[in-house]
Every structure is written in C-alpha cells, then in structure tokens.
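# A structural walkthrough
Listed below are the residues making up each chain.
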Amino acid sequence: MKKRNLGNNGFEISEIGLGCWQIGANWGNEIDKKKALEILDEAVNNGITFFDTADVYGDGRSETLIGEFLKNSKAKIKVATKFGRGSDLFPNNYTQQALIDSVDASRKRLNVDCIDLLQLHCIPTEVLKKGEVFDWLRILKKEGKITHFGASVETVEQGLLCIEQEELQSLQVIYNIFRQKLTKELLPQAHAKGVGIIVRLPLASGLLTGKFTNETQFLENDHRNFNSDGQAFNVGETFAGIPFETGIKLSDELKAFCPENMSMVEMALRWILDHKEVSTIIPGASSPMHVSGNSKASNSPHLSKKLMIDLEEFYHNNVQKHIRGVY
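Definitions and limits used
- Residues numbered from 1 in each chain as written.
- Predicted model: local features only at pLDDT ≥ 70, side-chain atom pairs only at ≥ 80, totals over all residues.
- Heavy atoms only, no water.
- Phe/Tyr/Trp six-rings, centres within 6.5 Å; stacked < 30°, edge-to-face > 60°.
- Buried < 20%, exposed > 50% of the residue type's maximum accessible area, 1.4 Å probe, protein only.
- Lys NZ or Arg CZ within 6 Å of the ring centre and 35° of its normal.
- Helix = DSSP H or I, 4+ residues; strand = E, 2+ residues; numbered from the N terminus.
- Polar contact = N/O pair within 3.5 Å; in protein donor to acceptor, adjacent residues only side chain to side chain.
- Contact = heavy atoms within 4.5 Å.
- Pairing = 2+ DSSP bridges.
- Axes fitted to C-alpha atoms, helices over the stretch in contact; angles between N-to-C directions.
- Disulfide = S-S within 2.5 Å.
- Core = buried A, V, L, I, M, F, W, Y, C linked by side-chain atoms within 4.5 Å.
- Parallel < 35°, antiparallel > 145°, perpendicular 65-115°, else oblique.
- Nonpolar A, V, L, I, M, F, W, Y, C, P; charged D, E, K, R; others polar.
- Right-handed = clockwise from strand over helix to strand, strands pointing away.

## Some details on the packing of aromatic side chains
- If you walk through the whole model with that rule in mind, you get 11 aromatic pairs.
- Here F212 and F218 contribute two aromatic rings whose centre-to-centre distance is 5.3 Å and whose plane-to-plane angle is 80 degrees, an arrangement assigned as edge-to-face. Across the pair, exposure class does not vary: F212 and F218 are buried alike.
- Over the ring of Y327 we find K181, and its NZ or CZ is 5.3 Å from the ring centre.

Structure (structure tokens):
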C-alpha cells in the first residue's frame, strides 16, 4: 500500500482508506460486530492506515467499533470523524457548545484524547459563509481536542468557500469517473492552497463495479433504495446523482474501456489516484473481501494518457447531462 500526505503539514496516510458508514449498520444489510471487526482487521492487513467515520453513523456505533478495535490493535491508524448532521443540529441549530459536546462524545467512543481529523459533515452553505464554525474548530485545535479540521462538502461552491479558511487541512468530496466536475476548478485550487482531498463514493454507490443489472434490488432501508431520487438527502450521495437505470447502461458502456487484466473497480479507483491532488480514497466495505479488492488499486499501473482522455470525453459526452442535484 502506497502512502500520501493529507495536504501540507498533514499526516501520512494510505492511498486507499476505509469508509466506515456501512459498519455503523443503520442502512442496508446489518453488519454484526464480529464481521465489522473483521473488516477493520482486513483493512490493517492490507496496509490501510486511515479510517473515516462520523458521529451519526449508526448513532455512534461506527465510532464505538473503531474505538474498540484500536484499543486491541497495535496498528497506527489515523481516524477522521465528522460533526454536523445530527437531527438536533441540521440545518440551522449549530452552536459552539453543540460542537464541543459532539467532539467530547466522539473522543469517548473512539477512546482517544485527541481526534486526528474532525470534519464538518455537509453542513449548509449559509453556515459555511458565516464562518463562526471555523473559529470554533480553531479553538478546539488549540485546546488539543483535535489535531486537524476539514470539511465534507457537496458542491464546488462549498469547497471553494472552505479552502479560504485558515488551517483547513482537508476537503472530503464526491469524485469518480461519473462525477468529474471537480477536476478543472476545485482540485487545482485546493492543491495550490495545500488542502488535502479525501474522496468518498469512488464507485458511485456500486455502479462502477459493473455488477448491477436492471433486476438488482436493494433493501428498503438501503439508501440506494430510499434515496435513489434524493428523497432523504442530497441525491448526489447516491449513484453520483445519476438515475439508477441510466447508471447501469453507462457502467456497461464503461466496461469496454477497462485495460486487460484490470477490473472495473481497479480502473475506477486508479482513475482517482491518477489525479495528484487526491490524498486518499475511502470506499466502504461490507465484507473483508471488498477491502482486499479495493486495496489492489494502490499498486495497479497508472492508466494511460489516452485512457484518461477517453474517460474524460466519456464523462462530458455521455454522463454529465444525467447528473441531478447541486454539484
């Protein structure tokens, strides 16, 4: 597993991290404690040194499992968590005390005195513009409760707002072959300011595995069912904002671009890693096998310049027009 730095003056982490929303088990097939710990253990065995979670993933269950795992592991893992999407906060009830209480609760669940990276969790643009929340984060940093802070964002506008804030260490963004808008504007500007990039939804909720068909069905409590058209939250968080049936057709077309001896998953993840601005990718995993499969991309060969150009043209000509929601 290769390593990269999370922005200027940040810490070193693995190119492939682990997104820990799924082990929170509040959507889709429940992952029991034994399997969740096996997933975390497999991540460490594959050289992964970065876990991404949030206080609301399973109402704290994801953080608790990570905390228990790290207590019994000698692995040196950097953990990022988030604040801002609790029902008592979103969309307009943000206070300094609420942030303090959330961070203290996360530290307790994670069994740490200081959180490696605390991220704002897709909070409203108006709150970002006011800027008070960044002042509160800087205070927490001075107090030693967090080492760094960043922001998980949903739009280019939000990302550009955040990178103007002093001491912002990272942005977490949706970025994949089906969602390339960030390439030309946000990524270069973040890189110029020394802000690291954490990529979520690298496989567009599984579309870029190439395994879904029109007959594929998801559980009632799976966001790929209940948020397929943005019914619960930003539609971009599910299938990159593309209608499911359209996404299947596009992913089938993409199979023709796969280099020999490279899977769709490897190509999709390698495409992201071949952008120097990216610090790490955080695909989720519902089994240890998924972890090991995703990890292979770090040592996969770079995609050719021709393929990178072809995939950019595919996005502009075939995909872009189908993306819904703020972006």
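## Considering the side chain of D52
- Along the chain, D52 falls in strand β4 (residues 50-52).
- Side chain to side chain, D52 and K82 meet in a polar contact 2.6 Å long.
- Once you skip the residues sitting within four places of it in the chain, D52 turns out to touch L18, G19, C20, Y57, A80, K82, Q119, Q172 and I282.

## As for the sheet that holds strand β9 (residues 196-200)
- Strand order in this open sheet of eight strands is β3-β4-β5-β6-β7-β8-β9-β10, and the pairing throughout is parallel. Of all the strands in the sheet, just β3 (18-19) and β10 (278-281) have a single pairing partner and so form its edges.
- Bridge count for strand β6 (residues 115-121) against strand β7 (residues 146-152) is six bridges, and the pairing is parallel. Pairing of L118 across the sheet is with F149, part of β7.
- The strands that helix α5 (residues 132-142) touches are β6, β7 and β8 (168-174); relative to β7, the one it contacts most, it runs at about 155 degrees.

## Structural notes on the state of the cysteines
- By the definition in use, this model includes zero disulfides.
- Of all cysteine sulfurs in the structure, the one in C20 sits closest to C114, which takes part in no disulfide; the separation is 19 Å.
- C114 gets classed as partly exposed once you look at its relative accessible area, which sits at 27%.
- In this structure C122 is a free cysteine whose sulfur lies 10.0 Å from that of C162, the closest cysteine sulfur available.
- Residue C122 is classed as buried on the basis of its relative accessible area of 7%.

## Focus: the side chain of S279
- The topology assignment puts S279 in strand β10.
- S279 gets classed as buried once you look at its relative accessible area, which sits at 2%.
- Separated by 3.4 Å, the side chain of S279 and the backbone oxygen of N5 make a polar contact.
- Those residues in contact with S279 that lie beyond four places of it in its chain are R4, N5, L6, G7, S14, E15, G196 and I197.

## Considerations on the environment of S287
- In this fold, S287 is placed in the loop between β10 and α11 (288-295).
- Accessibility expressed as a relative area gives 13% for S287, which makes it buried.
- Here the alpha-carbon distance between S287 and E38, two residues 249 residues apart in the chain, equals 8.0 Å.
- S287 has contacts with K35 and I39, leaving out every residue within four places of it along the chain.

## Some words on helix α2 (residues 61-71)
- S62, E63, L65, I66, G67, F69 and L70 are the residues of α2 that are buried.
- Where α2 is buried, its residues contact α1 (33-45), β4, β5 (78-83) and α3 (96-110).

## Details of the nonpolar core
- Counting residues in hydrophobic clusters, the biggest one holds 91 residues, and the most contacted among them are L18, F51, L171 and F178.
- Those residues in contact with L18, other than ones at most four positions away along the chain, are I39, L40, A43, I48, F50, F51, D52, I282, P283, A285 and V291.
- L6, F11, I13 and I282 belong to the second-largest nonpolar core, a separate cluster that totals eight residues.

## Examining the packing of α2 against α3
- Taken N-terminus to C-terminus, the directions of α2 and α3 make an angle of 40 degrees; their axes are 7 Å apart at the nearest point. Considering the angle they form, α2 stands oblique to α3. Contacts between α2 and α3 involve E63, T64, I66 and G67 from the former and S106, R109 and L110 from the latter.
- Looking at the contact of α2 with α3 residue by residue, the class counts come to two nonpolar, three polar and two charged.

## Points about the pairing of β9
- Burial analysis of β9 places five of its five residues in the buried class, the great majority of the element.
- Across the two faces of β9 the burial is the same, with G196, I198 and R200 and I197 and V199 all buried.
- Once the chain exits β8 it traverses helix α7 (residues 186-192) before rejoining the sheet at β9, and the crossover so formed is right-handed.
- Of the strand pairs in this sheet, β9 and β10 are connected by three bridges, and their pairing is parallel. Opposite I198, over in β10, you have T280 as the bridge partner.

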